[in-house]
Amino acid sequence: MCGKTSFKIFEESMNPIFILCAFAHLGVVHGYWHLAWEDQFDGANLADRWDFDTGCSGFGNNELQCYTNNRRENANQQGGILTITARKEWWGDGVHGDKQFTSTRMKTKANWLHGKFEIRARLPKGKHLWPAIWMMPARSEYGDWPRSGEIDIMEYRFLKNLGQLPNQDQGTLHFGQAWNNKGQVGSGERNFPVDFSQDFHTFGLDWSPWQIQWILDGAVFHTETLQKNFWPGLYTKNGQPFDKNFYLIINLAVGGSFFGNEPFDPKEADSWAKNTLEVDWVKKWEWR
């Protein structure tokens with residue numbers, strides 16, 4: 001863990017060779033972060049790096065939007081920024097009926113085991129908007145959800161009636177036997193002295209074989225150990241199911257079970273302050 005002292009410096013884009021030499025001279029470094037994958041959203045075809053989930057099924061959460069397939073009105077690149085827009089418009093998939101909103105859910109074609117993930121983003125602001133940056137297993141080797149796990153890097157909700165404001169973030173691990181018999185651990189909703197819809201912030205996850213840390217703007221705000229059995233009788237080793245490859249997902253949902261019993265009238269979308277999730281870049285680092 002001695003390399004931890006150099007993480008913040010490296011993140012500030014200083015010369016990594018200089019950092020290695022400096023810390024090696026002090027005798028405290030055994031490796032460095034290597035940039036293994038990134039998307040700067042500089043206009044390249046999104047479909048080269050991302051797949052798109054589509055449809056109006058509610059995606060297990062009773063969500064109110066249809067996800068569309070790489071549609072410019074919902075996912076657009078301009079000036080090095082990816083903008084995902086939740087739009088109030090009727091849409092249907094021919095199976096689940098029409099819905100009054102559209103948006104985008106995109107996932108990396110690549111998948112990884114361990115590493116540091118950083119996503120610089122500015123979040124939406126409006127009742128029942130639900131942006132999320134999260135990870136799902138590349139293969140369900142322990143069974144269907146939640147058996148094979150889920151890693152939530154960031155999710156955020158705006159619940160007007162409950163008084164929650166856009167200064168909250170949370171990270172969560174999901175696991176367990178079945179959708180109605182599952183466990184979760186994580187940070188819970190945490191308050192920060194910022195409005196995430198006003199400025200860009202870097203949401204991060206440092207995932208090693210021993211622990212998972214959630215990071216905001218370079219500072220760790222929660223840690224979960226992987227040196228335990230998350231569900232005895234289902235998993236046979238410590239750290240399962242978070243010992244397999246996962247891919248990254250970015251999406252903006254409207255409504256759903258994340259908002260509990262708070263009512264939402266689609267007309268309330270007319271007063272959304274900001275219906276976009278903007279992403280400056282996504283980076284995946286590996287420790288060498």
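Residues numbered from 1 in each chain as written. Predicted model: local features only at pLDDT ≥ 70, side-chain atom pairs only at ≥ 80, totals over all residues. Heavy atoms only, no water.

1. What about the overall build of the protein chain?
Counting its secondary structure elements, the protein chain contains two helices and 19 strands. Expressed as a percentage of the 288 residues in the protein chain, the buried residues total 53%. A fraction of 69% describes how many contacts in the protein chain between residues 6 or more apart in sequence connect residues 24 or more apart. Summed over its atoms, the accessible surface of the protein chain is roughly 13300 Å², and 49% of this surface lies on carbon and sulfur atoms. (Helix = DSSP H or I, 4+ residues; strand = E, 2+ residues; numbered from the N terminus. Buried < 20%, exposed > 50% of the residue type's maximum accessible area, 1.4 Å probe, protein only. Contact = heavy atoms within 4.5 Å. Areas by Shrake-Rupley, 256 points an atom, 1.4 Å probe, with all protein chains shown as cover.)

2. Examining the layout of surface pockets
Here the largest pocket defines a volume of roughly 720 Å³. In terms of lining residues, the largest pocket is bounded by 27 residues, among which Asn 61, Trp 130, Trp 145, Glu 150 and His 174 are the most central. Elements supplying a minimum of two residues to the lining of the largest pocket: β10 (129–137), β11 (150–155), β12 (168–178), β13 (181–186) and β18 (246–254). When residues in the lining of the largest pocket are grouped by element, the largest group, five residues, is from β10. For the lining of the largest pocket, a count of residues per class yields twelve nonpolar, eight polar and seven charged. (1 Å grid on protein atoms, 1.4 Å probe; cavity = no way out; pocket = protein on both sides within 12 Å on 5 of 7 lines; lining within 4 Å. Points joined across faces, edges and corners; volume = space filled by probe spheres on them. Nonpolar A, V, L, I, M, F, W, Y, C, P; charged D, E, K, R; others polar.)

3. With respect to the nonpolar core
Membership of the largest hydrophobic core comes to 52 residues, with the highest contact counts inside it found for Trp 50 and Trp 207. By residue number, the principal contributor to this core is β18, which donates five residues. Once residues lying within four places of it in the same chain are set aside, the contact partners of Trp 207 are Trp 112, Leu 113, His 114, Gly 115, Phe 117, Met 135, Ile 151, Ile 212, Leu 226, Phe 242, Lys 244 and Phe 246. One finds Trp 130, Ala 132, Trp 134 and Ile 249 within the second-largest nonpolar core, a separate group that totals eleven residues. (Core = buried A, V, L, I, M, F, W, Y, C linked by side-chain atoms within 4.5 Å.)

4. Digging into unusual backbone geometry
A negative phi holds for most residues other than glycine; trans holds for most peptide bonds. Going from Trp 145 to Pro 146, the amide bond is cis rather than trans, its omega being 10°. Topologically, Pro 146 is positioned in the loop between β10 and β11. The residue after Gln 240, namely Pro 241, is reached through a cis peptide bond having omega 10°. Along the chain, Pro 241 falls in the loop between β17 (219–225) and β18.

5. Looking at the packing of aromatic side chains
According to the stated counting rule, one finds 21 aromatic pairs in the structure shown. Between Phe 59 and Tyr 67, the ring centres sit 5.0 Å apart and the planes meet at 65°, which makes this aromatic pair edge-to-face. The side chain of Arg 157 reaches across the aromatic face of Phe 258, ending 4.3 Å from its centre. The positively charged end of Lys 283 is found above the aromatic ring belonging to Trp 281, 4.4 Å away from the centroid. (Phe/Tyr/Trp six-rings, centres within 6.5 Å; stacked < 30°, edge-to-face > 60°. Lys NZ or Arg CZ within 6 Å of the ring centre and 35° of its normal.)

6. Some details on the state of the cysteines
If you walk through the whole model with that rule in mind, you get one disulfide. What pairs with Cys 56 in a disulfide is Cys 66, and their sulfur atoms sit 2.0 Å apart. Note on the Cys 56 and Cys 66 pair: the S-S dihedral is about 110°, so by sign convention the disulfide is right-handed. With Cys 56 in the loop between β2 (50–53) and β3 (65–67) and Cys 66 in strand β3, this pair connects stretches of sequence that are ten residues apart. (Disulfide = S-S within 2.5 Å.)

7. Some words on the side chain of His 201
Structurally, His 201 can be placed in strand β15 (residues 201–207). Side-chain polar atoms of His 201 contact the side chain of Asp 217, separated by 2.7 Å. Each residue touching His 201, except ones within four places of it in the same chain, is listed here: Ile 119, Arg 120, Ala 121, Val 194, Phe 196, Leu 216 and Asp 217. (Polar contact = N/O pair within 3.5 Å; in protein donor to acceptor, adjacent residues only side chain to side chain.)

8. Observations concerning empty space enclosed by the protein
Within this structure, the stated rule accounts for two cavities of 30 Å³ or more. Estimates place the volume of the second largest cavity at around 30 Å³. Looking at the second largest cavity, the residues that line it are Glu 155, Tyr 156, Arg 157, Gln 168, Asp 169, Gln 170 and Glu 189. When residues of the lining of the second largest cavity are assigned to their parent elements, the largest contribution, three residues, is made by β12. Counted by class, the lining of the second largest cavity contains one nonpolar, two polar and four charged residues.

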